[in-house]
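# Descriptive structure summary
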Amino acid sequence: MVANRTDLRGELREHEPLARHTSWRVGGPARRFYRPADADDLVAFLRQLDPSEPVFWLGLGSNLLVPDAGFQGTVIQTQGSLTRMEQRGDTGLYAESGVACAKLARYAARQGLVGAEFLAGIPGTLGGALAMNAGAWGGETWSQVAGVRTIDRHGQVRARSPADFTVGYREVKGPEGEWFLDALLELAPGDGEAGMGRIRELLEQRARTQPTGLPSCGSVFRNPPGDHAARLIESIGLKGYRLGGAQVSEKHANFIINTGAASARDIGSLIEHVRREVERQTGVRLVPEVRMVGGGSQ
Ligand SMILES: Cc1cc2nc3c(=O)[nH]c(=O)nc-3n(C[C@H](O)[C@H](O)[C@H](O)COP(=O)(O)OP(=O)(O)OC[C@H]3O[C@@H](n4cnc5c(N)ncnc54)[C@H](O)[C@@H]3O)c2cc1C
């Protein structure tokens, strides 16, 4: 369905099941779901939106637990819409927030730019990676950021520098009420062939150690300082533990998988069970990395 304002060019759906848009394959409907045609269309959409309407930004839904009750507001989907990407100057890479990390990593390598290979195995968008400071194998998103543009609830766009954000491990704090529209990454000139080789190597390593083919959201908990959440969970015998249709992965104990018919409630209850048991038996309080729609971190 096309948005009901004639000057809007995006796609508006009502009661869109969010299970279709999350890597856990769970979550109830969004009251409204908007996929903008492009950045200008997004600005126009936000300008006409009722200021009291709750808004949630969705990338590829690879780090999200959406409740079974869904979301009583408007979800904005960047994936498949904000997808422009180009090289800027010798070593700059400009990309809109809906560009998939895997695509960005390969594009950079093809241009002979190195430093973004680690993004290849992160199954999210650049926007999600900026929001989470996604990282892997020693690389982190914000180490490459030269600048971003944000957009607020009223459609106002601002250029921001990394200094406007406090960036930590899977954590980014910036100006309230602004989301990422696009970013300029500063990469290093290098051997693109070697970059592609590194990407293949990292993906193989991932497939060996993670249940990549099953519905999950990657690591559920942040690693506590000096330790690994997976090691703690395994040490108390929870590998393979099931609750309803949710299961602690046999392959990687910090992954929870949907075995087929899990509800968001099953997954949420299993997260809570793991957190409680790890704290009771080891004294370590794990902090979820996963975001809850309508509730910040889990
Ligand atoms: C198999 C698997 C492996 C994974 N491996 C890794 C890994 O190695 N390292 C790692 O860091 N993560 C990993 N993840 C988690 C996930 O892919 C990352 O957190 C990713 O950055 C999320 O991006 P997304 O587009 O899917 O965001 P979503 O899940 O859609 O959203 C996550 C959060 O980002 C916000 N957000 C999304 N877009 C924007 C935007 N444009 N502006 C502002 N906020 C926005 C959302 O509102 C939400 O709060 C993995 C997940 C899976 C399923």
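For the structure, see preceding data.
One structure accompanies this document, and this report is about it. None of these values were measured; they are calculated from a predicted model.

## Considerations on the overall build of the protein
A count of helical and extended segments in the protein gives six helices and 21 strands. Here the protein has a C-alpha radius of gyration of 19 Å; the compact-globule value for 298 residues is 19 Å, and the two agree. Dimensions of the protein, computed from the C-alpha atoms along their principal axes, are close to 55 × 45 × 30 Å. Scored against the burial criterion, the 298 residues of the protein give a buried share of 52%. For the protein, long-range pairs separated by at least 24 residues make up 61% of all intrachain contacts whose partners lie at least 6 apart in sequence.

## A short note on the nonpolar core
Core analysis: the largest hydrophobic core is formed by 31 residues, its most contacted members being Leu93, Leu104, Leu119, Leu130, Trp142 and Val148. With six residues, helix α2 (residues 101-110) is the largest single contributor of residues to this core. For Trp142, the residues in contact, after removing those within four places along its chain, are Leu130, Asn133, Val148, Pro162, Phe165, Val167, Val172 and Phe180. Residues Cys217, Val248, Ile267 and Ile271 belong to the second largest nonpolar core, which totals 25 residues.

## Focus on the site of the ligand
Near the ligand you find 31 residues, and of these Trp57, Gly59, Ser62, Thr125 and Gly135 are the closest. Separating an oxygen atom of the ligand from a backbone N or O atom of Trp57 is a distance of 2.7 Å. One of the side-chain nitrogen or oxygen atoms of Arg170 is found 3.2 Å away from an oxygen atom of the ligand. Taking 980 Å² as the accessible area of the ligand by itself, protein coverage stands at 94%. Listing elements by their share of the shell around the ligand, those giving two or more residues are β3 (55-58), α3 (126-132), β9 (135-136) and β15 (178-186). With five residues, the top contributor of residues to the shell around the ligand is α3. By residue class, the composition of the shell around the ligand is 15 nonpolar, 13 polar and three charged.

## Observations concerning the sheet that holds β3
Working definition: the strands of a sheet are paired by backbone hydrogen bonds and lie parallel or antiparallel to each other. An order of β1-β2-β5-β3 is seen for the four strands of this open sheet, with the pairing classed as mixed. Both outer strands of the open sheet, β1 (11-17) and β3, are each paired with one neighbouring strand and no more. Strand-to-strand, the axes of this sheet are offset by a mean angle of 30°, without reference to chain direction. Note that β3 and strand β5 (residues 71-77) share four bridges and pair parallel. Each residue of the ladder has a partner; that of Leu58, found in β5, is Gln77. Along the sheet, helix α1 (residues 39-48) contacts β2 (29-35), β3 and β5; its crossing angle with β5, the most-contacted strand, is approximately 160°.

The rules behind these values
All chains use their own residue numbering, which begins from 1 and follows the written sequence. Whole-chain, interface and lining totals are the exception, using all residues; otherwise, since this is a predicted model, local features are given only for residues with pLDDT of at least 70 and side-chain atom pairs are given and counted only at 80 or more. Each side-chain value is worked out from all heavy atoms of the structure, with water and hydrogens disregarded. Segments assigned H or I by DSSP are reported as helices when at least four residues long, segments assigned E as strands when at least two residues long, and all are numbered from the N terminus. The quantity called the radius of gyration is restricted to C-alpha atoms. Its globule counterpart is 2.2 Å times the number of residues to the power 0.38. Only protein chains enter the area calculation, which uses a 1.4 Å probe; residues under 20% of their type maximum are buried, those over 50% are exposed, and those in between are partly exposed. By definition in these notes, contact holds between two residues if any of their heavy atoms fall within 4.5 Å. Residues grouped as a nonpolar core are buried Ala, Val, Leu, Ile, Met, Phe, Trp, Tyr and Cys residues, joined through side-chain atoms within 4.5 Å. Distances are taken per atom, and a residue is near a molecule or strand as soon as one of its heavy atoms is within 4 Å of it. In protein, a polar contact means a hydrogen-donor-capable atom and an acceptor-capable atom, both N or O and within 3.5 Å, with residues adjacent in sequence counting only if both atoms are side-chain atoms; elsewhere, any N or O pair within 3.5 Å suffices. Throughout, the Shrake-Rupley method with a 1.4 Å probe supplies accessible areas, and for residues the shown protein chains are the sole cover considered. For this classification, Asp, Glu, Lys and Arg are treated as charged, while Ala, Val, Leu, Ile, Met, Phe, Trp, Tyr, Cys and Pro are nonpolar and the rest, including Gly, are polar. A strand pair is defined by DSSP finding two or more bridges across the two strands. Axis definition: a line fitted to C-alpha atoms, over the contacting stretch in the case of helices. Angles run 0 to 180 degrees between N-to-C directions.

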